[in-house]
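Listed below, chain by chain, are the residues.
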Amino acid sequence: MAQKIASIALVVKDYDEALNYFLEKLSFELIEDTNMGNGKRWVVISPPGNVNGTNLILAKAKNDAELKAVGNQTGGRVFLFIHTDDFKRDYDFMKLQGVNFIEAPRNEAYGKVVVFKDLYGNKWDLVGRDS
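Residues numbered from 1 in each chain as written. Predicted model: local features only at pLDDT ≥ 70, side-chain atom pairs only at ≥ 80, totals over all residues. Heavy atoms only, no water.

### Here we look at the overall build of the protein chain
Point 1. Looking only at helices and strands, the protein chain has three helices and nine strands in total.
Point 2. Starting at the N terminus, the α and β elements of the protein chain follow one another as β-α-β-β-β-α-β-α-β-β-β-β.
Point 3. Its C-alpha atoms give the protein chain a radius of gyration of 15 Å, near enough to 14 Å, the size a compact globule of 131 residues would have.
Point 4. Overall, the protein chain is about 45 × 35 × 30 Å in size when its C-alpha atoms are taken along their principal axes.
Point 5. Per-residue burial for the protein chain yields a buried fraction of 34% across its 131 residues.
Point 6. A separation of at least 24 residues holds for 53% of the contacts in the protein chain among residues at least 6 apart in sequence.
Point 7. Carbon together with sulfur atoms contributes 49% to the accessible area of the protein chain, which is approximately 7900 Å² in total.
Point 8. Taking the average location of the 17 positive side-chain charges in the protein chain and that of its 18 negative ones, the two points are 5 Å from each other. (Helix = DSSP H or I, 4+ residues; strand = E, 2+ residues; numbered from the N terminus. Rg over C-alpha atoms; globule rule 2.2 N^0.38 Å. Buried < 20%, exposed > 50% of the residue type's maximum accessible area, 1.4 Å probe, protein only. Contact = heavy atoms within 4.5 Å. Areas by Shrake-Rupley, 256 points an atom, 1.4 Å probe, with all protein chains shown as cover. Lys, Arg positive; Asp, Glu negative; His and termini not counted. Charge placed at Lys NZ, Arg CZ, Asp CG, Glu CD.)

Below you can see the structure in the form of structure tokens.
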């Protein structure tokens, strides 16, 4: 038997606001944006070059409990990890786009890493194994 995690839902306040952030500031690619009716959309995005990797499904918060989770889906811990083949290129690009880095890049046993917050406050790691 073979399994994999194909997608992860990321709760957002607004589809278009989130799409703009991920596509413009992080260079994600839009995989699908299908209108499901009644204000619901099936929005799938992916980091560039993410062949057969895990995608993000942007899920618009629909009630107070979900709105409270926006930006804090893991209780303040790093939520998602982007591995890159060129840390400096991606870090420099993201800085130019105004991405909110909360620390300076550091070297770890597994590579170079830096933590940033997305537009809602979720923490992410940018990890480069090239350094």
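Back to the write-up after that little detour.
### Here's the deal with the sheet that holds strand β1 (residues 7-12)
Point 1. Strands sit in the order β1-β4-β3-β2 across an open sheet of four strands; the sheet is mixed. Across the chains shown, the open sheet's two edge strands, defined by having one partner strand only, are β1 and β2 (29-37). In this sheet, neighbouring strand axes are inclined to one another by 25 degrees on average, regardless of whether the strands run parallel or antiparallel.
Point 2. One ladder, built from three bridges, connects strand β3 (residues 40-46) with strand β4 (residues 55-60); its direction is antiparallel. For V44, the partnering residue across the bridge sits in β4 and is I57.
Point 3. Docked against the sheet, helix α1 (residues 15-25) engages β1, β2, β3 and β4, running at close to 10 degrees with respect to β3. (Pairing = 2+ DSSP bridges. Axes fitted to C-alpha atoms, helices over the stretch in contact; angles between N-to-C directions.)

### Here we look at α1
Point 1. For α1, the full list of buried residues reads Y15, A18, L19, Y21 and F22. Down the axis of α1, the buried side of the element spans an arc of 165 degrees, and every buried residue falls inside it.
Point 2. Tucked inside the fold, the buried residues of α1 contact β1, β2, β3, β4, β8 (111-117) and β9 (123-128).
Point 3. The opening residue of α1 is D14, an N-cap whose side-chain oxygen sits 3.1 Å from the backbone nitrogen of D16.
Point 4. The positive-phi residue at the C-terminal boundary of α1 is S27, with phi of around 60 degrees. (Arc of directions from axis to C-beta. Polar contact = N/O pair within 3.5 Å; in protein donor to acceptor, adjacent residues only side chain to side chain.)

### Here's the deal with the environment of Y120
Point 1. Its place among the elements puts Y120 in the loop between β8 and β9.
Point 2. Overall, Y120 belongs to the buried group, its relative accessible area being 14%.
Point 3. Separated by 75 residues in sequence, Y120 and I45 have C-alpha atoms that sit 17 Å apart.
Point 4. If sequence neighbours within four positions are ignored, Y120 has contacts with V12, K13, D14, E17, A18, V70 and G71.
Point 5. Reaching out from Y120, the side chain makes a polar contact with the side chain of E17 at a distance of 2.5 Å.

### What about the nonpolar core?
Side chains that are nonpolar tend, in soluble globular proteins, to be buried together.
Point 1. Core analysis: the largest hydrophobic core is formed by 29 residues, its most contacted members being F22, L58 and F116.
Point 2. Elements supplying a minimum of two residues to this core: β1, α1, β3, β4, β5 (78-84), α3 (87-96), β8 and β9.
Point 3. For this core, the element with the most residues is α1, which contributes five residues.
Point 4. Among all residues touching L58, those that are not within four sequence positions of it are L10, V12, Y15, A18, L19, F22, R41, V43 and I45. (Core = buried A, V, L, I, M, F, W, Y, C linked by side-chain atoms within 4.5 Å.)

### Details of the pattern of salt bridges
Point 1. In this structure the tally under the stated criterion is eight salt bridges.
Point 2. It is possible to trace a salt-bridge network through shared partners that takes in D16, D33 and R41. (Salt bridge = Lys/Arg side-chain N within 4 Å of Asp/Glu carboxyl O.)

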